[in-house]
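# Breakdown of the fold
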Amino acid sequence: MKHSLFSMARNALTGHRNWPATWSQAELKPRYDIVIVGGGGHGLATAYYLAKNHGLKNIAVLEKGWIGGGNTGRNTSIVRSNYMFEESIQFYDFSLQLFQDLSRELNYNLMFGQNGVLNLAYSRHEMRVMNRRVNALRHQGIEAEILDIDGVRRLLPILNDSPDAIRPVFGGFLQANGGTCRHDAVAWGYARAASALGVDIIQNCTVEEFELQQDRITGLQTSHGPVEAGKVLLAVAGHSSVLAQRAGLQLPLTCLGLQAMVSEPVKPLLNVVLDGAAYVSQSDRGELVVGGGTDLFNSYAQRGMASTVELNFAALIDLFPCFSRMKWMRQWSGIVDYTPDHSPLMGLTPVAGLYLSGGWGSYGFKAIPASGVTMAYTIAHETAHPLIEPFSLSRFESGALIDESASSGMDLGQPIL
Amino acid sequence: MMQIDCPWCGPRNQDEFRCGGQAHIHRPEQPEDVSDQAWAEYQFSRINPCGLHLERWQHLFGCAQWFHMARDTFTHEIRAIYQIDEDSPGGLE
Amino acid sequence: MTQTPARLNHGGLIDRNKPLNFTFNGQAYTGFEGDTLASALIANGVSLTARSFRYHRPRGIFSAGFEESQALVCIGEGQHKEPNVRATLQLLYEGLHATSQNTVPSLKWDMGSLTGWFSRFLPVGFYYKTFMWPHWKWYEGFIRRMASVAPATSGHDPDFYNKQHAHCELLIIGAGPTGLAAALAAAQSGLRVILADDQPEFGGSLLWDQARIDEKKGTEWVNQITSKLAKLENVTLLQRTMVVAAWDHGYFTAVQKHRIGEHGKISQTLWKIRSAQTILASGAIERPLIFPDNDRPGIMLAGAVRQYINRYAASPGQRAVIYTNNDSAYLCALDLHARGTTVAAIVDVRQDSQGELTRRVRELGIIVHSGHEITGTHGYFRIRQVEIRPVGSSGNSGSRYIRIQCDLLCTSGGWNPSLHLLSQAGGKLEYNEKLACFVPREQQAFLASTIQATGSANGCFDLNTCLAQGHQLGRSAVEELTGKNVSADKAPIAEGSVLTRDIKPHWQTPPPYKGRQWVDYLHDITTQSIKTAALEGFISVEHLKRYTTIGMAADQGKISSVNALAILGQSTERQITEVGTTTFRPPFHPVTLGALAGRETGSRAWVRRFLPLHDWHIETGGVMEDHSGWQRAAYYPQDNETEASAIRREVLSARHGVTLFDSSSLGKLEVRGPDASRFLNRMYINNVETLKTGRVRYGMMLNENGVIIDDGVFARLEDDFFLVSASSAGTAEIAIAFEEWLQTEWPELDVLIHNATTQWATLTVGGPKSRDVITALLPDVDLSAESFPHMSALEGEIENLPRNIPWRLMRVSFTGEVSFELSVPANYALAAWEQLLQAGKPFNITPLGMEALDVLRTEKGFLEVGVDTDISTSPLDVGWAVPIAKKKADFIGKRSLARPNDKREDRLQLVGLKPSNMKQFIPVGSHIITREGLKPEGHVTSSCISPALGHSIAMAMLESGQARQGEMIVIDVDKQHFDAEVVPLGFYDPKGQRINA
């Protein structure tokens, strides 16, 4: 059913009893041309574009839990493309452009608010680095501008900018068309659209083993039974290593815990996404959403640490002292698979027919549409889409790392000795 | 916030320590003889398991000594702590 | 004594000798010490307190505790304003001002309620299905302004917050009867016990339950036990302390509240508790029955009503109806009756009307409608009537509907053990059919194995059994911790319970009915929303939550969650056990952000590092700025000069006179031992072993990926003693790296590392006249160019400063002029500095700031790691290919430099630039672009208008830069294009004659 005011009115008058399922609950078939392991944003988007852009049928998305229940439902929902290196900028901006029309394309409101992403600079040096970043972005056609302290104040009137602030803000830079989006809606929207194009979405289906014959993948053993597959995509984020290992692969990944926290809802105070001492935005419900730094030890626990919560809110209050009497309402944690250079792992693997979209660390949400389009292309053509060639597994061998640690929002700060 | 039993200082809060990742990875004796692929594997390839993990830790804000830990990455149960120059104790599974 | 309309004459735990004045929405009221804001409002006959989040429906007071999901108000004004306060938790104090939230213009006449009228057109998830055309941004602003219940605050927080660590063998969460019994049994053991309860006094349900224990009043028993425990050294009693989060290994976060109503003092303490064993005696939270129009003010939880009557002596109504599916609500009827409220009827969904309880209530003349359910209620600002019919009669014509007048409806749908903390720690719950609630699973995995739930938190609702359980658990915890048997007194005994009949789940009223059945009061979610969500495929609890937002409001679903998942089960024809439950996330109850920051605010929010001469820099007018965590002077303006002017003056002094620069933050890593040289040879890309004693060399260190991580000089002071001068920014990383390699990879090397950075102050005297100045301080040392050439090092002692102190001297230069770095112990910094100033007076010695230093080193083309290099720059990119090729031995990162990508010739390489327009300053970060196609091919990393040369110069990273010497390139500055020539680095004195003088 196409969503519109008319369909809403019609349903209202019939007591909202006739809304159809958002996606069809499918039964696992014995064979698919393409099996996508992982029903998060990346997996569902890829399924959608395989069907839509490449006219492929006979595709299944297998999700061990509920779709969007992994990192897609746990991130801080930020969409931006203000990265350092050309390869990253091009890829993430392609994604941002796709986000702009995505609600209409999927006929599902993703609530993509483009109110800007602001980074703050705390020293002359940081201002100079920002100038480089802004120029790099502009040369890729992205709207970015440097702001002095007055410019920052105009965007953030409640910022603590007193002269004796301990960390005075020198200025910042703004990506005006960055913003936030409703993360669950991205998973549900892609699921709905993919399902409408005939993709089977199967929840509560765990992949237990892969069937391999002479370095080629031929099928999978799942909790719903065996499946033959022509091609398989791993889009399982924090479980990339676990699953890759079942196909005999060891990846350059480490899984860390990444937390986020929200405050109780308050009236609008913050329109931009702020990437400064704290990484914070305000949701449409009014909650302040704060991204925590990664917990620097291997973890699949999805629990988090007390100290991270304390540190992040202390940083937030330093920026905005007026928040001190508000309350922390909820915290959650996800498993982020991070690569040594904080850039993703995409494309082919040494196992024929097995494709990978992983290593998304803390920067995967914004990449969902671009990842979907490029991985669909890659799977359909059996060769990497040009935009993702730089992110192949082989870059670690050749040394062509793309180190985006400064821009990826994973603060691996140095201790002081 | 785990509690870690530093072999020298006793049980301390996790935030005094630094995790050094997977243990028992040794630098090739003659790096110049190693292929690009093997060099990449040494630098970057990791088991990254969900479950028992042998890892290195340092009591950074304490005695600054390194030691080994066998820990479950899912439950965070610490199964063993052993010296930096020891191999993993058997029978942990 | 001020009597308010609904205050009972006697009884309760309030202090009638201490009246308190407060206001609510501008209206003045009185209450007593011991009241909460909620109980005081009830005593004043106030029933309307708030409007719901989404549809602005009138809301009252629903509960008596932290589970409150209706009466959320704002306390205070201005800086003291605190939004989203539960009136049920706010202790009353003199002068308290409370206001409703998100109501325009007022609570009673709120315009937002208009959305309620439209809500049938707004199904669950409506915003996903619309607001797309023409674009979301048209609607977004409006939605954002609508969406919240609390006004934001402004200004600074006047209160302070402390943090406190505590360790114990046994933590007992909850000091109700069960927790107290456990504490009593365990405390005599001498083990450290912490007993925490969120209420101002211990006792839990005993504060209102009218039970008798060991033949005394419950409250008397509590006082006795508490006094006993208070006398024990090993026991810590924490009142007003809510344990909000369970983490790893028995680590808990708890929040203790202190003063109420006084500002500018410590208002909360964040406790960080580590316990070996934990007893969760956190009780159970009552859930309501769900029925049509169940959200009117005057509809309350039955247990809460008992609290108001018995604990607060406040009567919530004059004519009550009880609606229940279990025995506990009958006690509410009895209490109400005893205190003068008419109980018009008990409506019990269960057919079974046997038993002691029914007999007792009937004896009092209370009508019991067994086997009936509520089909509707009336009353907009307060309930005035309910309508009931027999269960199972739905749709039959001729079913008898009964209408009952009332102004209070007390509902109980059962009790949910409060197991959030267990769940946070990874504990698993399972649904118990008989009790109709979730209880802990028998076997718990590692994390939760040190947490044991007991009492009603474990699904036990009989007081006597709870006491026995608590007692037993206290004993067994001690036995487990000490390995010894414990002989303790007998368990406390309560009078027998009259609650004998089983609960009968009745999750909602089946059709036909009019009106809506509300499940989440804050977000206004109805049973219909759940059904629609299920129809749309959101059948997992997680999906339900996210799609409907049920349980995501400020109460985090404490009251609604079990009802919601039961209804989800009914909507999808699944048992509750099949539906499952969500994971509980911290915190159990919202925590003030200020309490999480504690004292790490203001000047303690960030670590700043100060040089030993910090005060002198400030007094001399140095403009202090952050440089990698250190406070350093950017420049020292004199006589109102501009920044540019000051920098220029300092630069010229450095070139022609003499300057004094505080280099104290430079790293001083002492590397000693027989293998010191061998070790450093593996860390540096340079040859270390060939360095002679008394000589200094400039070197670079890489990470294993071949990326430059630090540069700086290293000196050989003795054969087996090196001094590594890591950069100010990189010292910590290098020190850590050294230790890591030595301890984990090369334990066979005999090397000791000592980070002496903060032990020594380093004072740099530089410029053509510098030798004259330094000689004045060290008259007996031969510092001539022949004896002490550039890149030399010496140690010695200064006399009489006032005592003999050691010094180290190195001839190194970042400016290109003759330069002496003198290091003395940090606490002699000022003495040495002042002597140098004195000696330098005849030469007009000038303090040098960071900005001037940057100009000077740019003129020399000296790179700065992290400025001219970034996280992908290799030494090959900055011209070190030849020295690297000469070093045969391996070093960290060397192998990576042999990879295909590292050997490419089109990499970004460091070059000098000479803009054609001599006066054009090129900002750092500007990009170099190709002439055709205007594609970026590099960027400017350092830049200045050189005072020494009189024209603009820059350093840049340029693709294939090393092969493009002499080429004219184009720089883009804000869309203007400037030509520049690619020139060798080292614009000023390229042969180094001045530096070697």
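Up top is the structure.
Just so we're clear, the structure is a prediction, and the values are computed from it rather than from any experiment. (Residues numbered from 1 in each chain as written. Chains lettered and ligands numbered in written order. Predicted model: local features only at pLDDT ≥ 70, side-chain atom pairs only at ≥ 80, totals over all residues. Heavy atoms only, no water.)

Packed helices, taken two at a time, are described by their axes: the angle between them and the distance between them. Residue and element names in this part refer to chain C. Helix α13 (residues 541-548) packs onto helix α12 (residues 527-535) with a crossing angle of 120° between their chain directions and a minimal axis gap of 10 Å. Overall, the two elements α12 and α13 adopt an arrangement that is oblique. Between α12 and α13 lies a crossing of right-handed hand. Of the residues in α13, those in contact with Ser529, Ile530 and Ala533 of α12 are Leu544, Tyr547 and Thr548. When its residues are assigned to classes, the contact of α12 with α13 shows four nonpolar, two polar and no charged. (Axes fitted to C-alpha atoms, helices over the stretch in contact; angles between N-to-C directions. Helix = DSSP H or I, 4+ residues; strand = E, 2+ residues; numbered from the N terminus. Parallel < 35°, antiparallel > 145°, perpendicular 65-115°, else oblique. Left-handed = near helix turned anticlockwise from the far one by under 90°. Contact = heavy atoms within 4.5 Å. Nonpolar A, V, L, I, M, F, W, Y, C, P; charged D, E, K, R; others polar.)

The subject of this paragraph is the nonpolar core. Phe91, Tyr108, Trp188 and Tyr190 of chain A together with Ile273 of chain C are the most contacted members of the largest nonpolar core, which has 122 residues in total. Of the residues that make up this core, three or more belong to each of domain 1 (25-108 + 183-252 + 340-398) and domain 2 (117-177 + 255-338) of chain A. If we ignore the near neighbours within four places in the chain, the residues touching Tyr190 of chain A are Leu44, Ala45, Tyr48, Tyr49, Leu102, Leu106, Ile368 and Pro369 of chain A. Formed by 77 residues, the second largest nonpolar core is a distinct cluster that contains Ile14, Ala304, Ala345 and Ile388 of chain C. (Core = buried A, V, L, I, M, F, W, Y, C linked by side-chain atoms within 4.5 Å. Buried < 20%, exposed > 50% of the residue type's maximum accessible area, 1.4 Å probe, protein only. Domains from an automatic or database assignment.)

What follows covers the interface of chain C and chain B. Counting residues at the interface gives 25 residues for chain C, matched by 28 residues for chain B. Here chain C and chain B share an interface that buries about 2400 Å² over both sides, 46% of which is from carbon and sulfur atoms. Viewed at the interface, chain B and chain C are joined by five salt bridges. For Arg56 of chain B, the salt bridge goes to Glu740 of chain C, with nearest N and O atoms at 2.6 Å. If you look at where chain C meets chain B, you find 22 residue pairs in polar contact (both at pLDDT 80 or more). Tallied by class, the residues present in the side of chain C that touches chain B amount to nine nonpolar, seven polar and nine charged. (Buried area = accessible area lost by both parts, 1.4 Å probe. Salt bridge = Lys/Arg side-chain N within 4 Å of Asp/Glu carboxyl O. Polar contact = N/O pair within 3.5 Å; in protein donor to acceptor, adjacent residues only side chain to side chain.)

Right, let's talk about helix α23 (residues 850-860) of chain C for a bit. Among the 11 residues in α23 of chain C, 10 count as buried, and that is most of the element. For α23 of chain C, the complete set of buried residues consists of Met850, Glu851, Ala852, Leu853, Val855, Leu856, Arg857, Thr858, Glu859 and Lys860 of chain C.

Looking now at the interface of chain C and chain A. In this complex, chain C contributes 119 residues to the contact, which on the side of chain A involves 108 residues. Of the roughly 9800 Å² buried between chain C and chain A on both sides combined, carbon and sulfur atoms contribute 55%. Across the chain C-chain A interface, the total number found is 15 salt bridges. Where Arg124 of chain A meets Glu643 of chain C, a salt bridge forms, and the shortest distance between an N and an O atom there is 2.7 Å. In this structure, the connection of chain C to chain A is made through 40 residue pairs in polar contact (both at pLDDT 80 or more). The element best represented in the side of chain C that touches chain A is strand β6 (residues 82-86) of chain C, accounting for five residues.

Another aspect to go through is the sheet that holds strand β22 (residues 385-390) of chain C. What links the strands of a sheet is backbone hydrogen bonding, and the strands pair in either a parallel or an antiparallel sense. Residues and elements named next belong to chain C. One open sheet accounts for three strands, arranged β21-β22-β23; its pairing is antiparallel. The open sheet has two free edges, formed respectively by β21 (372-378) and β23 (402-405), since each of these has just one partner strand. On average, each strand axis in the sheet is tilted by 30° relative to the strand beside it, whichever way the strands run. In terms of strand pairing, β22 meets β23 through four bridges, oriented antiparallel. Following the sheet pairing, Glu387 is matched in β23 by Arg403. (Pairing = 2+ DSSP bridges.)

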